[in-house]
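Geometric and topological summary
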Amino acid sequence: MSWDLVASRRVAFAPLSIATGLVLLATATAAQSVLFGPSVLDGTLPWCVLGAAAGFATSGSV
Amino acid sequence: MLGSPVWRGNARYVFCGGLVLGALTTALGLLVGGSLLRFAAPTGIWRWVIMTATALLILRELGVLRFWLPQNKRLVPEYVDRHGPFFGPLQFGFEMGTSVRTYTPSALPHAAALTVAFIAGPWAAICCGIGFGLGRSAMTLGNLYYSNDNRWDVAWLDHERLIRAYLVVAYAIPATVILSQPALG
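Structure report, in brief. (Residues numbered from 1 in each chain as written. Chains lettered and ligands numbered in written order. Predicted model: local features only at pLDDT ≥ 70, side-chain atom pairs only at ≥ 80, totals over all residues. Heavy atoms only, no water.)

Within chain A, the secondary structure is distributed over three helices and zero strands. Relative to the globule expectation of 11 Å for 62 residues, the C-alpha radius of gyration of chain A, 15 Å, shows a markedly less compact shape. Burial status across chain A gives 47% buried among its 62 residues. With an accessible surface of roughly 2900 Å², chain A has 76% of that area assigned to carbon and sulfur atoms. (Helix = DSSP H or I, 4+ residues; strand = E, 2+ residues; numbered from the N terminus. Rg over C-alpha atoms; globule rule 2.2 N^0.38 Å. Buried < 20%, exposed > 50% of the residue type's maximum accessible area, 1.4 Å probe, protein only. Areas by Shrake-Rupley, 256 points an atom, 1.4 Å probe, with all protein chains shown as cover.)

Dropping the structure here:
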């Protein structure tokens, strides 16, 4: 495995990167809700992201 | 920790599937249990209750407040491979995914549980359950792909305050979207 691949894995799967990704996902969810109003996505995406943030926050348990 | 057969090969993905199934089971259980209690007050009241509870739990998550939260401080036995290469990891993941037999170092799952119990419909509960399981799976897979020597845990501890702050933001934004939806009354 080349150094670049190792380094890129380190960045992509770092806990801070995953948490940042969740923030971006949450922001995108809110943006679509504001821009496009009530829709099927409104009843789906926020719940998924909320659950994912709560699930990832329990990471210290393993 | 990563020496267990549960973490090797495809077993890791079966484990993650178990996490999702366990979280889904808990979410649907909360939905059923919460539905029986919702009749005690109008939905608008529950919205304010959830907003208040979420604010308190977020303050706890940020270390501003300290109070006790229920958790079953037991770990699932890691060597569950006696159930085979498929059902062992699946059971391990399922039990951990339900969050009723694990340490819970964060207050956000409690906030999510209350929101599902008192606000969510069936589809929302399913989405939240799947999201929760995927969030836990992100930890598992992130840990395994990051390194072979638990350095992921070190990286978590190195940035714990910032990560917790990010996760509070990632939780608070969709919670605001959900609680501001007019259909809640």
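With 50 residues of chain B at the contact, the number on the chain A side is 35 residues. When the two sides are added together, the surface that chain B and chain A hide from each other amounts to roughly 3700 Å², 78% of it contributed by carbon and sulfur. Remark: the boundary between chain B and chain A carries zero salt bridges. Viewed at the interface, chain A and chain B are joined by five residue pairs in polar contact (both at pLDDT 80 or more). Mapped by element, the contributors of at least two residues to the side of chain B that touches chain A are α4 (108-118), α5 (122-146), α6 (151-158) and α7 (160-179) of chain B. Classifying every residue of the side of chain B that touches chain A gives 36 nonpolar, 10 polar and four charged. (Contact = heavy atoms within 4.5 Å. Buried area = accessible area lost by both parts, 1.4 Å probe. Salt bridge = Lys/Arg side-chain N within 4 Å of Asp/Glu carboxyl O. Polar contact = N/O pair within 3.5 Å; in protein donor to acceptor, adjacent residues only side chain to side chain. Nonpolar A, V, L, I, M, F, W, Y, C, P; charged D, E, K, R; others polar.)

Moving on: the nonpolar core. W47 and F56 of chain A together with L167 and Y171 of chain B are the most contacted members of the largest nonpolar core, which has 49 residues in total. Going through the elements one at a time, α2 (15-36) and α3 (45-57) of chain A together with α1 (11-37), α2 (43-61), α4, α5, α6 and α7 of chain B are the ones with two or more residues in this core. Not counting residues up to four positions away in its chain, the partners in contact with L167 of chain B are A19, L22, A53, F56 and A57 of chain A together with L108 and W156 of chain B. Within the second largest apolar cluster, six residues are counted, among which are F15, F92, M96 and L141 of chain B. (Core = buried A, V, L, I, M, F, W, Y, C linked by side-chain atoms within 4.5 Å.)

Below, the discussion takes up the packing of aromatic side chains. The full count for this structure, using the stated rule, is seven aromatic pairs over all chains. Ring geometry for F86 of chain B and F87 of chain B: centres 5.1 Å apart, planes at 85°, overall edge-to-face. In textbook terms, an aromatic cluster arises when at least three aromatic residues are bridged by ring pairs, as seen for F56 of chain A together with W152 and W156 of chain B. Taking NZ or CZ as reference, R12 of chain B lies 5.7 Å from the ring centre of Y145 of chain B, over its face. (Phe/Tyr/Trp six-rings, centres within 6.5 Å; stacked < 30°, edge-to-face > 60°. Lys NZ or Arg CZ within 6 Å of the ring centre and 35° of its normal.)

Our focus in this paragraph is the side chain of T44 of chain A. Position of T44 of chain A relative to the elements: it lies in the loop between α2 and α3. Accessibility expressed as a relative area gives 14% for T44 of chain A, which makes it buried. Ignoring anything within four residues of it in the chain, the contact list for T44 of chain A reads W123 and C127 of chain B.

In this section: the packing of α3 of chain A against α5 of chain B. Two numbers describe how α3 of chain A lies on α5 of chain B: the axes approach to 6 Å, and their chain directions differ by 35°. Read as a crossing pair, α3 of chain A and α5 of chain B show a hand that is right-handed. Residues W47, C48, L50, G51, A52, A54, G55 and F56 of chain A of α3 of chain A form the contact with α5 of chain B, whose participating residues are A124, C127, C128, G131, F132, G135, R136, A138 and M139 of chain B. Residue composition of the contact of α3 of chain A with α5 of chain B, grouped by class: 12 nonpolar, four polar and one charged. (Axes fitted to C-alpha atoms, helices over the stretch in contact; angles between N-to-C directions. Left-handed = near helix turned anticlockwise from the far one by under 90°.)

What follows covers unusual backbone geometry. Even without being a glycine, N150 of chain B presents a positive backbone phi close to 65°. Residue placement: N150 of chain B occurs in the loop between α5 and α6.

On to α7 of chain B, then. Over its 20 residues, α7 of chain B runs 28 Å from end to end, which matches the ideal 28 Å to within 8%, given 1.5 Å per residue. Where α7 of chain B is concerned, the buried positions are I163, R164, L167, V168, A170, Y171, P174, A175, V177, I178 and L179 of chain B. For α7 of chain B, the secondary structure elements touched by its buried residues are α2 and α3 of chain A together with α2, α4 and α6 of chain B. (Expected span 1.5 Å × (residues − 1).)

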